[in-house]
Amino acid sequence: MSSNNNQAQLSGRVGIVGTGHRARLYTHSIAARPSLELVALCDTNSDRMDHHNQLLKEAGRPQAKKYAAEDFNKMLEDEKLDILVVTTIDYTHDLYIVPAVKKGIKVLTEKPMTTDVEKCKKILAAVEEGKGSVQVLFNYRYNPVHWKVAEVIAQGKIGNVKSVHFEWLLDTVHGADYFRRWHRYKDRSGGLMVHKSSHHFDLVNFWIQSKPESVFGLGSLSFYGKEQGQKSGWARSYDRARDSKEAEDDPFAIHLEDEPGLKALYHDAEHIDNYHRDMNVFADDITIEDDMSVLVHYESGVNMTYHLTAYSPWEGYRVMFNGDKGRLELECVESTHRVPAKKGGDGDGVVHGEKALKNEGHNKITLQQLWKEKEDVPYVQASGGHGGGDEAMLAQIFGPLPNVKPTETPITGLSANQIDGALAMAVGLAANESFKTGKQVQIKELLGRQL
Ligand SMILES: NC(=O)c1ccc[n+]([C@@H]2O[C@H](COP(=O)([O-])OP(=O)(O)OC[C@H]3O[C@@H](n4cnc5c(N)ncnc54)[C@H](O)[C@@H]3O)[C@@H](O)[C@H]2O)c1
């Protein structure tokens, strides 16, 4: 892997489908680059599209034309897009990726690429027609601590990797947020194994440069949901936080009106689609897991033990690689602890990923070669959402911002294509299948083909 300092400036006409919270990152970054023009927005909710046009106005850029979701194909016909950004809810990504790729458009889709095998097959077939392309926006690859780990492994400093031990903790603010929104329904998000862990499974595929072969997993709803909440004593009985007295001091509630972005996108827009983004995490209709243990075997012979918890007091992760020449450890503390927010607060930190958290802890990469002492591995310090990964990814995709000196650019090979997207998702789907059947799942059989 080599250094890549040639960040080309991308130009052209851009459309965004799915104008929710995550899309704001792309609206801002397109608006900040004169070579790009955001010409079209598409969503089921017109107010959320208006919010994005307001962001364009504030940036001094022209308004984008709004299209209802059912007019997506008309948008493709009329707007002659060069690039389409897909930021809808997970189970709908394929509806937009497939026709856009078939029209020869460069599609940038948020993760997970999609949520089931049939949809995945359609996306792979569309790309195989050879007209357009798909890039899956795995921003975690661009976080400097992550590409540094890839670099150290690629340099052979721990020899051949034999096993990986990976634990990821989501705290009771960020973790709880998956249980308040559409993510809590498995048919919409694929559950945390697909929605969240596909980031982590992609990182492992990228770090060890191998493909997953088989998966065994155990998963349960251990903390959220009515039954578990009543057992632990955390449960309250309201349906949603808005207008609920009981939710005002509930540490697990979110108060949309306290944060301007959440207020504009959801509180003020729910009269259109009745989408409630502030549901009680201790309700009885949750269909995803919050505590998952997974074993993955890779083609290279590597075995991984992986665990995800969504109700931890601190947030972060630890990854250990055992090689035949040494061991590499990564520890990242994204929040050391959380303070409960009450209604009427400043709304700061309630949404994950926009910026570093107030109680951010340390990041540390430690290398220990056999028969030697431990050493800290230096890495580029970055700031911003997702450990600096968002900004680095945007600079790589769209080119550096005008008048901004690019940060030291990561190693090459960071961009993820449709095969990377499929393999990351497949580990999560296989884990879900294993939770149900109690059996080990072969990725090739699950996908019906070798990738
Ligand atoms: N990489 C990351 O770090 C990261 C972070 C957050 C979200 N995401 C991803 O971004 C995507 C959007 O997440 P979000 O948090 O912005 O969600 P969101 O709920 O805020 O936004 C989703 C948008 O999609 C729209 N939508 C729903 N159904 C639609 C349909 N059928 N057609 C068109 N639009 C539809 C909704 O109205 C909403 O505006 C998800 O795929 C999520 O996994 C990635």
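Residue positions are given per chain, counting from 1 as you read along its sequence in written order. Under the rules for a predicted model, residues below a pLDDT of 70 receive no local features and side-chain atom pairs below 80 are neither given nor counted, while totals for whole chains, interfaces and linings still include all residues. Side-chain measures here rest on the full set of heavy atoms in the structure, leaving out hydrogens and waters.

A.B. asks: Even after reading the chapter, I still don't get the UniProt feature "domain: Gfo/Idh/MocA-like oxidoreductase N-terminal" (unreviewed entry) in the protein, so can you show me in this structure?
C.D. replies: UniProt positions are given in the numbering used here, feature names are shortened, and annotations may be inferred rather than shown by experiment. UniProt records the feature "domain: Gfo/Idh/MocA-like oxidoreductase N-terminal" (unreviewed entry) at residues 13-136, using the numbering of this structure. Strand forms 23% of residues 13-136 and helix 42%; the C-alpha atoms that close the span are 19 Å apart. Per the convention used, a helix needs a DSSP run of H or I reaching at least four residues, while a strand needs a run of E reaching at least two, with both numbered from the N terminus.

A.B. asks: Even after reading the chapter, I still don't get the nonpolar core, so can you show me in this structure?
C.D. replies: General note: in soluble globular proteins, nonpolar side chains tend to be found buried as a group. Core analysis: the biggest nonpolar cluster contains 121 residues, and Tyr26, Leu84, Phe166, Trp207, Tyr224, Phe321 and Leu328 have the highest contact counts within it. How far each domain reaches was decided by an automatic or database domain assignment. The residues that make up this core include at least three from each of domain 1 (12-137) and domain 2 (140-224 + 286-385 + 405-447). Only heavy atoms matter for contacts: two residues are in contact if any of them lie within 4.5 Å across the pair. If sequence neighbours within four positions are ignored, tryptophan 207 has contacts with His146, Val149, Ala150, Ile153, Phe166, Val319, Phe321 and Leu330. Buried Ala, Val, Leu, Ile, Met, Phe, Trp, Tyr and Cys residues form a nonpolar core when they are joined through side-chain atoms within 4.5 Å. Whether a residue is buried, partly exposed or exposed follows from its accessible area with a 1.4 Å probe, protein chains only, as a fraction of its type maximum: under 20%, in between, or over 50%, in that order. Core analysis: the next-biggest nonpolar cluster, separate from the first, contains nine residues, Leu256, Leu262, Tyr275 and Val351 among them.

A.B. asks: Where do I start with the site of the ligand in this structure?
C.D. replies: Here a residue is near a molecule or strand as soon as one of its heavy atoms is found within 4 Å of it. Surrounding the ligand, one finds 26 residues, the nearest of these being Arg22, Asp43, Asp90, Tyr96 and Tyr266. Side-chain atoms alone can form a polar contact between residues adjacent in sequence; in general such a contact is a pair of N or O atoms within 3.5 Å, and within protein one must be able to donate a hydrogen while the other accepts it. Here an oxygen atom of the ligand and a backbone polar atom of arginine 22 are 2.8 Å apart. Within the contact set of the ligand, a nitrogen atom lies 2.6 Å away from a side-chain nitrogen or oxygen of tyrosine 96. Areas reported as accessible are Shrake-Rupley estimates using a 1.4 Å probe. Residue values count occlusion only from the protein chains shown. About the coverage of the ligand: the protein hides 89% of its 850 Å² of free accessible area. When the residues that make up the shell around the ligand are grouped by side-chain class, the tally is six nonpolar, 13 polar and seven charged. Each residue is assigned to one of three groups, with Ala, Val, Leu, Ile, Met, Phe, Trp, Tyr, Cys and Pro labelled nonpolar, Asp, Glu, Lys and Arg labelled charged, and all others, Gly among them, labelled polar.

A.B. asks: When you look at helix α14 (residues 389-398) in this model, what are you seeing that I'm missing?
C.D. replies: Side chains that are three or four residues apart share a direction in an α-helix, a result of its 3.6 residues per turn. Along α14, eight of the ten residues are buried, which leaves the element largely enclosed by surrounding structure. The complete set of buried residues in α14 reads Gly389, Asp390, Ala392, Met393, Leu394, Ala395, Ile397 and Phe398. Against α1 (23-31), β2 (36-43), β5 (106-109) and β6 (133-136) lie the buried residues of α14. Looking one or two residues past α14, glycine 399 carries a phi angle of roughly 95°, positive in sign.

A.B. asks: What exactly am I supposed to notice about the packing of helix α6 (residues 144-154) against helix α10 (residues 197-208) here?
C.D. replies: Two quantities define a packed helix pair, namely the angle between the axes and the distance from one axis to the other. Every axis corresponds to a line fitted to the C-alpha atoms, with the helix fit spanning only the stretch in contact, and the corresponding angles, defined between N-to-C directions, vary from 0 to 180 degrees. Close contact between α6 and α10 brings their axes to 8 Å; oriented N to C, the two are set at 30°. Our classification of the angle between α6 and α10 gives roughly parallel. In this structure, α6 contributes His146, Val149, Ala150 and Ile153 to the contact, and α10 contributes Leu203, Phe206 and Trp207. Tallied by class, the residues present in the contact of α6 with α10 amount to six nonpolar, one polar and no charged. Orientation labels follow simple angle bins: below 35 degrees gives roughly parallel, above 145 gives roughly antiparallel, 65 to 115 gives roughly perpendicular, and whatever is left gives oblique.

A.B. asks: Looking at this model, I keep getting lost on unusual backbone geometry. Mind explaining?
C.D. replies: Note on backbone geometry: most residues besides glycine have negative phi, and most peptide bonds are trans. Here the residue pair lysine 111 and proline 112 is connected by a cis peptide bond, since its omega of -15° sits within 30 degrees of zero. Along the polypeptide, proline 112 turns up in the loop between β5 and α5 (117-128). A positive phi angle is found at aspartate 243, which is not glycine, with a value near 65°. Within the secondary structure, aspartate 243 sits in the loop between α11 (226-232) and α12 (260-267). Classification of aspartate 243 as exposed rests on a relative accessible area of 75%.

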